[in-house]
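Understanding the architecture of this molecule
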Amino acid sequence: MAQQQLAELRHARTGIELRPGLDGVPATQSAICDIDGEQGLLTYRGYPVSELAANSSFLETAYLLIWGELPTRDQLTAFEQEVQMHRRMSFRVRDMMKCFPATGHPMDALQSSAASLGLFYSRRAIDDPQYIYDAVVRLIAKIPTMVAAFQLIRKGQDPIQPRDDLAYSANFLYMLTEREPDPLAARIFDRCLILHAEHSLNASTFSARVTASTLTDPYAVVASAVGTLAGPLHGGANEDVLTMLEQIGSSENAEAYLDEAMTEKRKIMGFGHREYRVKDPRAVILQSLAEEMFARFGHDHLYDVARGLELAAESRLGAKGIFPNVDFYSGLVYRKLGIPRDLFTPVFAISRVAGWLAHWREQLGANRIFRPSQIYSGSGPRAWTPIHERSPASAA
Ligand code: ACO
């Protein structure tokens, strides 16, 4: 049914209008993140994301998101040490991952591995602050280890152990690439994690909150959010952006590519956002991080293609409020860091777990199970048809 017709439907009992995709419908109250989509402003707990990306670390930002205030030095040190202590994963999880098909997508591997933590930490004491703290620490600590482990396992290697002398982001890059990263590369990666850590009630966070509202365990909450993030309309777009840039090949081809895509009503990956009518503020910072990477580690011709596409899109899509989103430049940074393309979305999950956990805590604080209604469009009541009287047409 066309969107226009859907939009005019109202619920028979409440009279509430159907809003496909819940566009503009508030589904919760939250104090975690605010977006001004007209001005292009994004704040976490009141702090502009640009300031956090410039001054904070990912773990400090995660602490802020989850507990609501910037940590003191002692609180941050304790949190960093706890996360460092829980980076290793059980040999059972590793052996389970060895049974995953090497050709499977790393997001599927991550979703399964994250869910499996619920088997290992099966006590579900969601009203115990210590349980909540431990679950937060475990998930933030172990998800990067799982992402890096699957990368080595699928190449037929054993995962390598985390290194206690390396900070969070440097350690992830080390576990992934088996090389200690350049400090600038590690810092840029950490800033990318800050930028992806939270974004209000996006699809995966909504998924997390719906799952949380049933009072299930936090591992199921995160696993359901990982599954939602994987789709190409959400976190999965960062992979597709690079594929698209390669297809375009050169900035001179950008206008023709756009015209053809628009004629065929194909979406331009990495463009458009439900909340923003201007360029996503995270895309602005990621673009400058990409430039910093290229200045230090060498240029990437796909960046020129991306710039060409952005310029060509201004006149064609700008009037509709469609501009680059967070996924447009992130892949270029990750590619320069040596991260394989199908790990871009798992890397997004490493960061977004902070936001999901903040929403999990908030949901538990004022919980009511999510149970929206629907507008039924199926058949009216019908009499049972015995199987010998059914025809293929009636089954169809
Ligand atoms: N390219 C071309 N046109 C677009 C794009 C795009 N990327 N995005 C939206 N539009 C157009 C649509 O064709 C539609 O036009 P119409 O009204 O003339 O039919 C209009 O803008 C509204 O589009 P919707 O898809 O209804 O917007 P919605 O808010 O539902 O979708 C979304 C937002 C999913 C992000 C969309 O912009 C999109 O598919 N973008 C490409 C995929 C992408 O980059 N996803 C990552 C988003 S960021 C994130 O999730 C981390």
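Residues numbered from 1 in each chain as written. Predicted model: local features only at pLDDT ≥ 70, side-chain atom pairs only at ≥ 80, totals over all residues. Heavy atoms only, no water.

Looking now at the site of the ligand. Surrounding the ligand, one finds 18 residues, the nearest of these being His234, Ile268, Gly270, Phe271 and Arg274. Gly270 has a polar backbone atom sitting 2.9 Å from an oxygen atom of the ligand. Between the ligand and Lys320, the relevant distance is 2.9 Å, taken from an oxygen atom to a side-chain nitrogen or oxygen of the residue. Against a free-state accessible area of 910 Å², the protein chains account for coverage of 68% of the ligand. Broken down by class, the residue content of the shell around the ligand amounts to nine nonpolar, five polar and four charged. (Near = heavy atom within 4 Å. Polar contact = N/O pair within 3.5 Å; in protein donor to acceptor, adjacent residues only side chain to side chain. Areas by Shrake-Rupley, 256 points an atom, 1.4 Å probe, with all protein chains shown as cover. Nonpolar A, V, L, I, M, F, W, Y, C, P; charged D, E, K, R; others polar.)

What follows is about the domain arrangement of the chain. When cut into domains, the chain gives domain 1 (48-232 + 357-365) and domain 2 (237-336). Taken together, the 15 residues of domain 1 in the interface contact 18 residues of domain 2. Across the domain 1/domain 2 interface, buried area totals approximately 1500 Å², and carbon plus sulfur atoms make up 67% of it. Considering only the side of domain 1, the residues that lose the most area to domain 2 are Ile188, Leu195 and His199, jointly responsible for 35% of the buried surface there. The interface formed by domain 1 and domain 2 holds two salt bridges in total. In this structure, Arg296 engages Asp182 in a salt bridge whose closest nitrogen and oxygen atoms are separated by 3.0 Å. Where domain 1 meets domain 2, there are four residue pairs in polar contact (both at pLDDT 80 or more). (Domains from an automatic or database assignment. Contact = heavy atoms within 4.5 Å. Buried area = accessible area lost by both parts, 1.4 Å probe. Salt bridge = Lys/Arg side-chain N within 4 Å of Asp/Glu carboxyl O.)

Scanning all chains against the criterion turns up 22 salt bridges. Here Glu255 ties to Arg316 by a salt bridge, and the two come within 3.4 Å at their closest N and O atoms. With Glu255 in helix α13 (residues 254-263) and Arg316 in helix α15 (residues 301-317), this pair connects stretches of sequence that are 61 residues apart. According to the relative accessible area criterion, Glu255 is partly exposed, its value standing at 44%. Relative accessible area serves as the criterion here: at 23%, Arg316 is assigned to the partly exposed category. Each of Glu246, Asp300, Arg335 and Arg341 takes part in salt bridges that share partners, so that together they form one network. (Helix = DSSP H or I, 4+ residues; strand = E, 2+ residues; numbered from the N terminus. Buried < 20%, exposed > 50% of the residue type's maximum accessible area, 1.4 Å probe, protein only.)

It is worth spelling out helix α6 (residues 106-120) at this point. Every α-helix carries 3.6 residues per turn, so stepping three or four residues along brings you back to the same face. Taking 1.5 Å as the rise per residue, α6 with 15 residues should run 21 Å; its terminal C-alpha atoms sit 21 Å apart, in good agreement. Taken as a whole, α6 has its buried residues at Pro106, Met107, Ala109, Leu110, Ser113, Ala114, Ser116, Leu117 and Gly118. In the core, the buried residues of α6 are packed alongside α5 (91-98), α7 (129-154), α11 (218-229) and α17 (344-365). (Expected span 1.5 Å × (residues − 1).)

Bringing the packing of aromatic side chains into the picture now. Under the defined criterion, the tally for this structure stands at 16 aromatic pairs. Centroid distance Trp67 to Phe79: 5.8 Å. Interplanar angle 85°. Geometry classified as edge-to-face. Within this pair, whereas Trp67 is found in helix α3 (residues 58-67), its partner Phe79 is found in helix α4 (residues 73-85), the two being separated by 12 residues in sequence. On the accessibility criterion, Trp67 (25% relative accessible area) is partly exposed. The aromatic ring of Tyr174 is capped on one face by Arg163, whose charged end is 5.0 Å from the ring centroid. (Phe/Tyr/Trp six-rings, centres within 6.5 Å; stacked < 30°, edge-to-face > 60°. Lys NZ or Arg CZ within 6 Å of the ring centre and 35° of its normal.)

Glancing now at empty space enclosed by the protein. With a probe scaled to a water molecule rolled over the atoms, the places where space remains empty come into view. For the structure on display, the rule yields three cavities of 30 Å³ or more. For the largest cavity, the calculated volume is near 50 Å³. Around the largest cavity, the lining residues are Met97, Pro106, Ala109, Leu110, Ser113, Met146, Val147, Phe150, Leu343 and Pro346. If you list the elements that add at least two residues to the lining of the largest cavity, you get α6 and α7. The leading source of residues in the lining of the largest cavity is α6, at four residues. In terms of residue class, the lining of the largest cavity is built from nine nonpolar, one polar and no charged. (1 Å grid on protein atoms, 1.4 Å probe; cavity = no way out; pocket = protein on both sides within 12 Å on 5 of 7 lines; lining within 4 Å. Points joined across faces, edges and corners; volume = space filled by probe spheres on them.)

Within this model, the second largest pocket holds a volume of roughly 700 Å³. Lining the second largest pocket are 20 residues, and of these Leu22, Val25, Arg371, Pro372 and Ser373 sit closest to its centre. Of the residues in the lining of the second largest pocket, the class split is 11 nonpolar, four polar and five charged.

Taking 1.5 Å per residue as the helical rise, α7 with its 26 residues ought to reach 38 Å, and the 37 Å between its terminal C-alpha atoms agrees with that figure. A maximum bend of about 30° is found in α7 at Lys142, where proline Pro144 lies one to four positions downstream. N-cap assignment for α7: the residue whose side-chain oxygen lies 2.9 Å from the backbone N of Gln130 is Asp128. Backbone geometry just downstream of α7 places Gly156 in the positive-phi region, at approximately 90°. (Bend = angle between axes of the 7 residues up to and from the residue.)

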